[in-house]
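Structural description and commentary
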Amino acid sequence: MLFQLLSFLIIFPLCIAALAFINRKASAFAPLVYTGAGMLILASLMLLSIPLGGKTVMIPAHITWAEPVILISEIAISAFLLFLALKRKDIVVSSLVVASAGLLFWFYFGPGHAAHAENNLFLDPFSVIMGLIVGMIGSLIAVYAVGYMKDFCKHHREIPDRRPVFFGIIFLFLSAMFGVCFSNNLFWLFFFWEITTVCSFLLIGYKGDEPSVKNAFGALRWNMLGGLAFLVGIIYLYMSTGTVELDKALQLPKAVVLLPVVLISFAGMTKSAQLPFSSWLVGAMVAPTPVSALLHSSTMVKAGVYIVLKFAPVLEGTLAGFVVALIGILTFLMGSFICISQTDAKKVLAYSTIANLGLIILCAGVGTYEAVWAGILLIIFHAIAKGLLFLCVGVVEHTIGSRRIEDMSGLIMRMPRVSVMMQVGIAGMFLAPFGMLISKWAVLKALLDYNPFLALFLVFGSSATLFFWVKWIGKLLVIDRPYQKLEAKVSKDQMFALGTLTVLTILMCGFFSHVANTMIEPYVFMIYGKQMEMSAGNVTTMGIMLTMVALFPFSFLDSSRKVKITDAYLAGANTGERSHQFTSSLGGVKDMALKNYYLEDHFPEARLMGLGVGLAILLCVALAVIGGVGCL
Amino acid sequence: MSLITGFLFVVIAPLVGGLLSGIDRKLTARMQGRIGPPLLQPFYDVEKLFQKENLVARHTQNLYMEFFFVMTIFTGALFFSGGDLLLVIFSLTLAGVFFALGGYKASSPYSFIGAQRETLQMMAYEPAVLLVAVGMYMVTKSFQVADIIAYPKPLILDLPGFFLAFFFILAIKFRKSPFDLSTSHHAHQELVKGITTEFSGRTLALIEIAHWYEYVFVLGIGYLFFAWNMWIGLVVTFFLFELIIIIDNAAARVRWQWMVGGAWIIALIAGMGNILYLMLRH
C-alpha cells in the first residue's frame, strides 16, 4: 500500500507530463492540469493516513527496470544539456556536464558496478511533511498557472505559446521533488536532484529571450556545480564505506561520513541559493510568476534545505556544521538588509526567500534537536506564505501592469480581496502569532543553547525584516488618490489557489502546535530521543493572540459608525479631490504624493551582495579545508 | 506573578503612566522656567478628548489604533503576569505594527512620514529589546518573566552591556528627544504631530492611554535588571524615567541615521561584550 502510494506520487505527475507533451492542443491541457493537481493533492493527503508511529518505514522497491531507465535518462539529460551549452558556447556548463556524466559512467561501469541498495525508498515524518508541501502547494501553483499563463500569452504576444510544454515541465518537476523526498538510495536521490535542476533551467528560460536564457544558464551553472559535488560526495561515500543508502549513512560514525556530508551540504546550499550562490535565484525572477512561486516555495530551494537538514545530525557539534551555520546566518543578514532597498515586489520576495533559507541552513548547521525542530517549522510556514505572496504579486502585476511596490498604493481599494490575502501572506512572514515568527522564536532559543553570538546577529536581521514588510503593508493601505475597483479581471482558478493558500496560512497558525506535535516532534524524537518543549502557557498565549488578530477584520464590519470624515491635512488649502489635492503656497493645484523609504544609500544591493559573496567564499574555502582535513 | 498581577497592571498602569506623564510635563516646564500644568493635567486632557467629536481622514483608520490599544494592554498584561519574555516582545511588535499601519492608513503626508519613521524606530529598538531577553536567558536560563524576577542576584551586575543597549533605546520607545522622530509629546516636531496628525477625539485619547501603558511596561523591563530588591528596583526605575525626561529637554532631535546607527552599534558592541563576559565567566 505504502509502496503503491509513493510510486503513484512519483509516477503519476510523470504521466501527466507525458500527456501534456504528447497532446499539445490548447483546449486539452487545462482539464488535464486540474485533474492532475486534484489527484496529487488527494494522494499527498493520503500520506497523512499512514501510521508511521514515529518510525522510518523502509521500502525495498527493487524494480528491475529502474537502474537502466535512470542510466538512460541521465545519458539523455547530459546529452541534451551538453547540446544546449555548446550551442551557447558556455564552457563552464559544458565542462560541468561532461565532468559529471563522465564521473557517473566511470562509477556505474567501474567501481560502482556492484553497488546495491537494500532499500530504495523510505518514508519518515519529515518526508511526509515535504511530500505534503510539494503535493499541496505545488499543485495549487499549477492550478493558478492555468489562469495566469492565459493572461501571460495575451500580454506577451511575441513569445510563442508553448503552454502544454510549460505544464509538462511543471509536473515533471513535482515528480522529481517527490522522488527527492522519498529516495533512500542516494543515486536515485541524485537522479531526481538533477531533474529538478534541469526543470528549473527550462522554466527560467521559458520566455526564450536573452535575459531569460542568460539567467537560466546562470542557474544551471551553480546547480550543476552543486550536482557535481553531490555526485563526488556519494561516490566517495560508497568507496569508503560501501553504502549508497541515506539511512545507513546517517548511522555511520561522524568522522567517516563528514566529507560526503560536507559535499552534499555544499550541493544543498547551491540549490537553496545561499551566499555566495544566491545570484541565480534573483536572476530566476525573469520567469513567469508561477515559476518563481514554484521555485521559491515548494520545490527546488526546498530540496536544498531538505537534504542539509536531513544531514543535520551529522553536522551537529562539528566545526563543519559551525561553518555551515555561519554561511546561513550571513545569508540571512545580507538577504534581509538587501530587501529594504528593493522596490520591485518580486525582488523583495526573492531576497526574503534567500534570507529565510539562510535561517533554515543555519538551523541545519547547528544541528541540535531544537534547531532541527525550528528548521522544519520554517520550511512549512515559509512554503505556504511565500507561495501565497508570489501568486498575489503575479495577479497584481497582470491587473495593474506593474509589480513595483510604489505602484501598489491603494491596492486595498482597487483589489480588496487580493490585497487582504497579500496582507495575510506578509503577516505570515514576520508577524506574531503567525508561523514564521514562531519559528524565529524557536531558532533564537536553539541558538542560545548553542552559541549566543549567532543569536546576536539573528536579532539584527530579524529587525530588518520587520521594517520592509511593514512598509509594504502600509503601501497597500495608503489611499493617495481616488481608485477604481479592478478585481473582476482575476480568473477563478487563480482566486481559488490564492484563497486556499490564505486559509492554509491562517489554519497552520491556529493548528501549529498540533502540527508540531504530530509531525515534527516524532521526527525529532526519532533521531535525537529528545522532546522539544513548548510550554502549554505559550501555546495558550499564541492562541489568544491569533484570536485577537482574527477578530480584527470583523471590526471593519461596522466601521462607518460614529466617525465623521474630513479632509486630510495637506499644509495647504484642500482643493478638488479634497483629501488628495491642495493649493500650495506658491499657487496652483498640486496632487499629493506618498513615497516609501527605501534607504538605497544605506542598504545598497550591489555592495551588500558583494560583501556577502566575499565573506561567503571565505567560509566555503574554510568548509572545503575542514572537509578535506576531516577525511585524512 | 500570576494572572492577578497581570490584571492589576491593566487597572493600575494607566494611573501610574498618566502620573508619570504629569511629572514629565511638570519637570519639563521647570527646566524651561515655567510653572507648568497641574500634575493631573494629562488626565484632564484625555477626559476632554473623549468628549470631542471623532474626526477622521479615512474611513477605517481608527480601527488600527483601537487594535494598537488592545494589543498594548495585552503585551503589558502578559509581561506582568510573568509570561515568556520573547512572546511579550513579539506581542509588543504586533502592537507597534498596528500603530504604524494606522498612520499609513490615514494617508496624509504627515501621518505617512510619521508612520515610516515609527517603523524605522521599531527597526532601531528591536535588536536591543530582543537582546535584553537573550541576556536574561543566558543568566537565568529562562525566558519566563516570573523566573527572571525570582532570580536572587542583581542582574545588572551580569548584564551591564545589555542594560546600556536598553537604556539607549528607552528614549526611542518613549518617543523622546533625541529620538522623537515619529511623533512628539511637546512641540519639538516640524512634522505637525507626525503619525497621529489625523487622529482626534476618542481615538487620540486611546493612543495617549496606550502610551501610558507602554511607559509602565517598558519601565517594567528596566526593572528586571534590578528586580532582586523591589525597593531599589522601583527607585532606580523611577530615576531612569527622570533621566530620560532631562535628556529629552537637553537634547536636540537627531537624524534617523543616527538613531538606527547608534542603537544598532551600541546593541552590537555592548551585546557582544556582554556575551563574551558571560561566557568567559563560566
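Remember, predicted model here, so these are calculated numbers, not experimental data.

**Some thoughts on the overall build of chain B**
Looking only at helices and strands, one finds 11 helices and 1 strand in chain B. Across chain B, helices and strands are ordered from the amino to the carboxyl terminus as α-α-β-α-α-α-α-α-α-α-α-α. By the compact-globule yardstick of 19 Å for 282 residues, chain B fits well, its C-alpha radius of gyration being 18 Å. Projected onto its principal axes, the C-alpha coordinates of chain B cover approximately 60 × 40 × 40 Å. A total of 282 residues make up chain B; the buried ones form 64% of that total. If you take every contact in chain B between residues at least 6 apart in sequence, the share linking residues at least 24 apart comes to 78%. Working note: accessible area of chain B is about 10100 Å², and carbon and sulfur atoms make up 72% of it. Positive and negative side-chain charges in chain B, numbering 19 and 17 respectively, have mean positions lying 4 Å apart.

**A few points about the overall build of chain A**
The number of helices and strands found in chain A is 25 helices and 6 strands. By the compact-globule yardstick of 26 Å for 632 residues, chain A fits well, its C-alpha radius of gyration being 25 Å. For the C-alpha atoms alone, the extent of chain A along its principal axes is close to 85 × 55 × 45 Å. Looking at the 632 residues of chain A, the share that counts as buried comes to 64%. Here the analysis covers contacts within chain A between residues at least 6 apart in sequence; of these, 82% occur between residues at least 24 apart. Accessible area of chain A: about 21900 Å², with a carbon and sulfur share of 67%. Charge separation in chain A, taken as the distance between the mean sites of 42 positive and 32 negative side-chain charges, equals 6 Å.

**Brief notes about unusual backbone geometry**
The peptide bond linking Leu275(A) to Pro276(A) adopts the cis configuration, its omega dihedral lying at 5°. Within the secondary structure, Pro276(A) is located in the loop between helix 10 (254-271) and helix 11 (279-283). Omega for the peptide link from Ser177(B) to Pro178(B) comes to 5°, which places this bond in the cis form. Here Pro178(B) is to be found in the loop between helix 8 (160-173) and helix 9 (201-224). Although it is not a glycine, Lys89(A) sits at a positive phi angle of roughly 60°. Along the polypeptide, Lys89(A) turns up in the loop between helix 3 (66-87) and helix 4 (91-109). One non-glycine residue, Lys141(B), lies in positive phi territory at about 60°. The topology assignment puts Lys141(B) in the loop between helix 5 (109-140) and helix 6 (145-150).

**Focus: helix 1 (residues 3-31) of chain B**
Residues and elements named next belong to chain B. The first and last C-alpha atoms of helix 1 sit 40 Å apart over 29 residues, in line with the 42 Å expected at 1.5 Å per residue. Along its length, helix 1 shows its largest kink, about 45°, at Ile12, and proline Pro14 lies within four residues downstream of that point. Looking one or two residues beyond helix 1, the residue adopting positive phi is Gly33, at roughly 75°.

**Points about the pattern of salt bridges**
Evaluated as defined, the whole model comprises 22 salt bridges over all chains. Ionic pairing is found between Arg404(A) and Asp407(A), a salt bridge with its closest N-O pair at 3.6 Å. Of the residues examined, Arg404(A) reaches a relative accessible area of 40% and is grouped as partly exposed. By relative accessible area, Asp407(A) is classed as partly exposed at 32%. With its nearest N and O atoms 3.6 Å apart, the salt bridge here joins Arg253(B) to Asp180(B). Within this pair, whereas Arg253(B) is found in the loop between helix 10 (230-250) and helix 11 (256-281), its partner Asp180(B) is found in the loop between helix 8 and helix 9, the two being separated by 73 residues in sequence. Among the residues examined, Asp180(B) registers a relative accessible area of 0% and is labelled buried. Sharing partners across several salt bridges, the network here consists of Glu118(B), Lys173(B), Arg175(B) and Glu214(B).

**Focus on the nonpolar core**
One finds Trp373(A), Met422(A), Trp472(A) and Phe225(B) to be the most contacted residues of the largest nonpolar core, which totals 367 residues. In terms of residue count, helix 17 (residues 369-400) of chain A provides more of this core than any other element does, 23 residues in total. Each of domain 1 (1-243 + 280-309) and domain 2 (311-552 + 594-632) of chain A contributes no fewer than three residues to this core. Those residues in contact with Phe225(B) that sit more than four places away from it in its chain are Val132(B), Met136(B), Pro154(B), Leu155(B), Ile156(B), Leu159(B), Phe162(B), Phe163(B) and Phe166(B).

**A few points about the sheet that holds strand 5 (residues 581-583) of chain A**
All names here are of chain A. The 3 strands lie next to each other as 4-5-6, forming an open sheet whose pairing is antiparallel. In the strand order of this sheet, the two ends are held by strand 4 (573-574) and strand 6 (589-591), each with one partner. Bridge analysis of strand 4 against strand 5 gives 2 bridges, and the strand direction is antiparallel. Directly across from Ala573, in strand 5, lies its bridge partner Thr583.

**Here's the deal with the interface of chain B and chain A**
Contacts between the two partners involve 63 residues from chain B, matched on the other side by 64 residues from chain A. Buried area between chain B and chain A, both sides added, is near 5800 Å², and the carbon and sulfur share of it is 78%. Three residues, His59(B), Leu87(B) and Phe90(B), lead the burial of chain B against chain A; their summed loss comes to 10% of the area buried on that side. The interface formed by chain B and chain A includes 1 salt bridge. The salt bridge partner of Asp84(B) is Lys445(A), with a shortest N-O separation of 3.8 Å. For the interface between chain B and chain A, the tally reads 9 residue pairs in polar contact (both at pLDDT 80 or more). When residues of the side of chain B that touches chain A are traced back to their parent elements, those giving at least two are strand 1 (55-56), helix 3 (61-80), helix 4 (85-106), helix 5 and helix 11 of chain B.

**Brief notes about a nonpolar patch on the surface**
Residues and elements named next belong to chain B. Where nonpolar side chains cluster on the molecular surface, the patch consists of Ile4, Phe7, Leu8, Val11, Ile12, Leu15 and Val16 and spans about 660 Å² of accessible area. Relative to the helices and strands, Val16 is located in helix 1. Residue class for Val16 comes out partly exposed when judged on its relative accessible area of 36%.

**Remarks on the domain arrangement of chain A**
Residues and elements named next belong to chain A. Per the domain assignment, the segments making up chain A are domain 1 (1-243 + 280-309) and domain 2 (311-552 + 594-632). Taking only C-alpha atoms, the centre of domain 1 and the centre of domain 2 are 24 Å apart. Of the residues lining the interface, 42 residues belong to domain 1; the matching set on domain 2 comes to 46 residues. Broken down residue by residue, the surface that domain 1 buries against domain 2 is led by Leu140, Tyr144 and Leu309, which jointly contribute 20%.

**Focus: the packing of aromatic side chains**
All names here are of chain A. Under the counting rule described, the total for this entry stands at 51 aromatic pairs over all chains. A network of ring pairs unites the aromatic residues Phe29, Tyr144, Tyr148, Phe152, Phe166, Phe167 and Tyr206 as a single cluster. Lying across the ring of Tyr206, Arg162 places its NZ or CZ 5.1 Å from the centre. When the ring centre of Trp193 is taken as reference, the NZ or CZ atom of Lys271 above it lies at 4.6 Å.

**A few points about the confidence of the model for chain B**
Per-residue confidence for chain B gives a mean pLDDT of 92; residues scoring 70 or more make up 98%. Confidence estimates for the predicted assembly give a pTM of 0.95 and an ipTM of 0.95.

**Here's the deal with the packing of helix 24 (residues 536-551) of chain A against helix 4 of chain B**
Taken N-terminus to C-terminus, the directions of helix 24 of chain A and helix 4 of chain B make an angle of 10°; their axes are 11 Å apart at the nearest point. Taken together, helix 24 of chain A and helix 4 of chain B sit at an angle that is classed as roughly parallel. Here helix 24 of chain A contributes Asn538(A), Thr541(A), Met542(A), Met545(A) and Val549(A) to the contact with helix 4 of chain B, which in turn contributes Leu87(B), Ser91(B) and Leu94(B). Along the lines of polarity and charge, the residues of the contact of helix 24 of chain A with helix 4 of chain B split into 5 nonpolar, 3 polar and no charged.

About the cut-offs
Residues numbered from 1 in each chain as written. Chains lettered and ligands numbered in written order. Predicted model: local features only at pLDDT ≥ 70, side-chain atom pairs only at ≥ 80, totals over all residues. Heavy atoms only, no water. Helix = DSSP H or I, 4+ residues; strand = E, 2+ residues; numbered from the N terminus. Rg over C-alpha atoms; globule rule 2.2 N^0.38 Å. Buried < 20%, exposed > 50% of the residue type's maximum accessible area, 1.4 Å probe, protein only. Contact = heavy atoms within 4.5 Å. Areas by Shrake-Rupley, 256 points an atom, 1.4 Å probe, with all protein chains shown as cover. Lys, Arg positive; Asp, Glu negative; His and termini not counted. Charge placed at Lys NZ, Arg CZ, Asp CG, Glu CD. Expected span 1.5 Å × (residues − 1). Bend = angle between axes of the 7 residues up to and from the residue. Salt bridge = Lys/Arg side-chain N within 4 Å of Asp/Glu carboxyl O. Core = buried A, V, L, I, M, F, W, Y, C linked by side-chain atoms within 4.5 Å. Domains from an automatic or database assignment. Pairing = 2+ DSSP bridges. Buried area = accessible area lost by both parts, 1.4 Å probe. Polar contact = N/O pair within 3.5 Å; in protein donor to acceptor, adjacent residues only side chain to side chain. Patch = residues over 30% accessible without salt bridge, like charges linked within 9 Å, V, L, I, M, F, W, Y side chains within 5 Å. Phe/Tyr/Trp six-rings, centres within 6.5 Å; stacked < 30°, edge-to-face > 60°. Lys NZ or Arg CZ within 6 Å of the ring centre and 35° of its normal. pLDDT = per-residue confidence, 0-100. Axes fitted to C-alpha atoms, helices over the stretch in contact; angles between N-to-C directions. Parallel < 35°, antiparallel > 145°, perpendicular 65-115°, else oblique. Nonpolar A, V, L, I, M, F, W, Y, C, P; charged D, E, K, R; others polar.

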